[in-house]
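What the coordinates show
Take a look at the letters that make up each chain.
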Number of protein chains: 2
Amino acid sequence: MKETENYLFDFISRYMPLGEAEKIAIRESAVFRNYQKGELLLKQGQHSKDGYFVIKGCIRCYYVIEGEEKTTAFYTESETLSPLCSINQLPSEYYVSCVEDSLLLVSNPQMEKIMFEKFPRFESLCRILSEALLAKNQTSFANFKTSTPEQRYVNLLHTRPDLLQRVPQYQLASYLGITPESLSRMRTRLARRNK
Amino acid sequence: MKETENYLFDFISRYMPLGEAEKIAIRESAVFRNYQKGELLLKQGQHSKDGYFVIKGCIRCYYVIEGEEKTTAFYTESETLSPLCSINQLPSEYYVSCVEDSLLLVSNPQMEKIMFEKFPRFESLCRILSEALLAKNQTSFANFKTSTPEQRYVNLLHTRPDLLQRVPQYQLASYLGITPESLSRMRTRLARRNK
DNA sequence: TGATTTGATTGACTTAAGTTAAGAAAGGGG
DNA sequence: CCCCTTTCTTAACTTAAGTCAATCAAATCA
């Protein structure tokens, strides 16, 4: 457990140095949980305000549209899945499942509220993190819009090469906005071209 | 000016009720600025930490890729453009320009810091707003990924019908992830189909 | 191990997007 | 009002993605 706490502290300190008292507070209230490969953390229709910070493993968001899974996001080590429905109070439109056995830090607004009251700097931290996530998300979206499927794939190859190993190809396909068949053909096309 | 302040207060109060002292503080430090149609608020390569809240008008983000403008976002009344480069300190990769004469509230981290120190609740507000923006952005991205160009266009027709009037079609095209020619053909296709 | 499920590939065909180029329509400024 | 710029449309052609179906490979499990 010591190790996973240090992992978390290292991550946080990239954004804000932590005092001892604050570390203790986190140690006392942080909830770490293990999930198994294939486990569902959230189903469509459920109400959940939980957020997840990935210590180890990989989780995935997907929609089911006309019976088809459409994967929209993967979260791996040091990445945060923040809930979409916490503000509007609507039921979830998507699923969250575990791609691998994973260790996650789980949070929710009630826990955060308590922490913010005790340590206002945590709210500062969360604001900064949230702004950073927003910036990252906007950049990814812009990148997606301005690229062809092939450019997206090549880009993924460079920016997150691990994903190609960790995740089945049919999930990557919808993540890239195409069908599994198209991705398969694209790969053979690229292989032929680079030979 | 009274009117534009009230507009801002109304927006904020959707998220958090404001006390009189807080309203006064905003009144004293808020910077409103008018921009003309076509004016550039940010150029590629510039360093800027300014954020913009649109009181009236429309602004647009676009990249220039191989000489082509690729529009990635429009911001209209009550929407916020938060800077992407404030954290990483990198030069901007995109442009921001005014689609129409616009009235904007301008902010930057220095101003925010002063406000946060005087009124910690502002930081709370900014955290909440930022989380809401993140959720909205993630939902838009997921929607984009899981839709065909045609579905995106039809969806835009329903969710932001005003944009089609305010913005030239070639800018909408890249916003939808397609070329102007494709959008034009798509429109005739749809018109023929619905007749 | 053998059987079953799951994931990846391939092929044939359809559809729509990208590209290039030309011309028409609309809008703004003098 | 006309000219010029900007925006939109149309056409012909190329390319690649979607779809459906069959097959192949690999992982899982009884």
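A brief look at the structure comes next.

As for the sheet that holds strand β3 (residues 51-56) of chain B
All names here are of chain B. The 4 strands are arranged β1-β8-β3-β6 in an open sheet whose pairing can be described as antiparallel. What marks the edges here is a single partner per strand, and that holds for β1 (31-35) and β6 (80-81). When β3 meets β6, the two strands line up antiparallel, connected through 2 bridges. The residue bridging Y52 from the neighbouring strand is L81, located in β6.

Quick look at the interface of chain B and chain A
Taken together, the 33 residues of chain B in the interface contact 33 residues of chain A. Carbon and sulfur atoms supply 62% of the area buried between chain B and chain A, which totals about 3100 Å² over both sides. Summed over the shared surface of chain B and chain A, the number is 2 salt bridges. Our enumeration of links across chain B and chain A arrives at 11 residue pairs in polar contact (both at pLDDT 80 or more). No other element matches helix α4 (residues 120-145) of chain B, which puts 18 residues into the side of chain B that touches chain A. The class makeup of the residues in the side of chain B that touches chain A is 15 nonpolar, 12 polar and 6 charged.

Observations concerning the pattern of salt bridges
Scanning all chains against the criterion turns up 28 salt bridges over all chains. R127(A) is the partner of E123(B) in a salt bridge, and the nearest nitrogen-oxygen pair spans 2.6 Å. Of this pair, E123(B) sits in helix α4 while R127(A) sits in helix α4 (residues 120-145), on two different chains. Judged by relative accessible area, which is 10%, R127(A) ranks as buried. Residue R166(B) is joined to E77(B) by a salt bridge in which the shortest nitrogen-to-oxygen separation is 3.0 Å. Of this pair, R166(B) sits in helix α6 (residues 161-166) while E77(B) sits in the loop between β5 (68-76) and β6; the two residues are 89 residues apart in sequence, bridging distant segments of the chain. Residue E77(B) is classed as partly exposed on the basis of its relative accessible area of 24%.

Points about the state of the cysteines
Two cysteines form a disulfide when their sulfur atoms are joined by a covalent bond. Under the counting rule described, the total for this entry stands at 0 disulfides over all chains. Its sulfur unpaired, C61(A) is 10 Å from the next cysteine sulfur, which belongs to C58(A). Residue classification places C61(A) among the buried positions, given a relative accessible area of 6%. Here C58(B) is not disulfide-linked; the sulfur of C98(B) is the nearest cysteine sulfur, at 8.3 Å.

Concerning the pairing of strand β8 (residues 102-107) of chain A
Residues and elements named next belong to chain A. In terms of residue burial, β8 counts as a mostly covered element, since 5 of its 6 residues are buried. Bridging between strand β1 (residues 31-35) and β8 involves 5 bridges; their strand directions are antiparallel. Counterpart to R33 in the pairing with β8 is L104. For strand β3 (residues 51-56) and β8, the ladder comprises 5 bridges, and the chain directions are antiparallel. If you follow F53 over to β8, its bridge partner there is L105.

Structural notes on the protein's contact with DNA strand D
Contacts to DNA strand D come from 15 residues, most closely from T179(A), S182(A), R189(A), Q169(B) and Y170(B). Among the atoms of DNA strand D close to the protein, meaning within 4 Å, 67% are from sugar or phosphate groups. In this structure, a phosphate oxygen belonging to DNA strand D sits 3.1 Å away from a side-chain N or O atom of T179(A). Q169(B) is positioned such that a nitrogen or oxygen atom in its side chain is 2.5 Å from a phosphate oxygen of DNA strand D. When contributions to the surface near DNA strand D are tallied by element, the ones reaching two or more residues are α8 (180-193) of chain A together with α7 (169-175) and α8 (180-193) of chain B. Of the residues contributing to the surface near DNA strand D, the split by class is 4 nonpolar, 6 polar and 5 charged.

What counts and what doesn't
Residues numbered from 1 in each chain as written. Chains lettered and ligands numbered in written order. Predicted model: local features only at pLDDT ≥ 70, side-chain atom pairs only at ≥ 80, totals over all residues. Heavy atoms only, no water. Pairing = 2+ DSSP bridges. Helix = DSSP H or I, 4+ residues; strand = E, 2+ residues; numbered from the N terminus. Contact = heavy atoms within 4.5 Å. Buried area = accessible area lost by both parts, 1.4 Å probe. Salt bridge = Lys/Arg side-chain N within 4 Å of Asp/Glu carboxyl O. Polar contact = N/O pair within 3.5 Å; in protein donor to acceptor, adjacent residues only side chain to side chain. Nonpolar A, V, L, I, M, F, W, Y, C, P; charged D, E, K, R; others polar. Buried < 20%, exposed > 50% of the residue type's maximum accessible area, 1.4 Å probe, protein only. Disulfide = S-S within 2.5 Å. Near = heavy atom within 4 Å.

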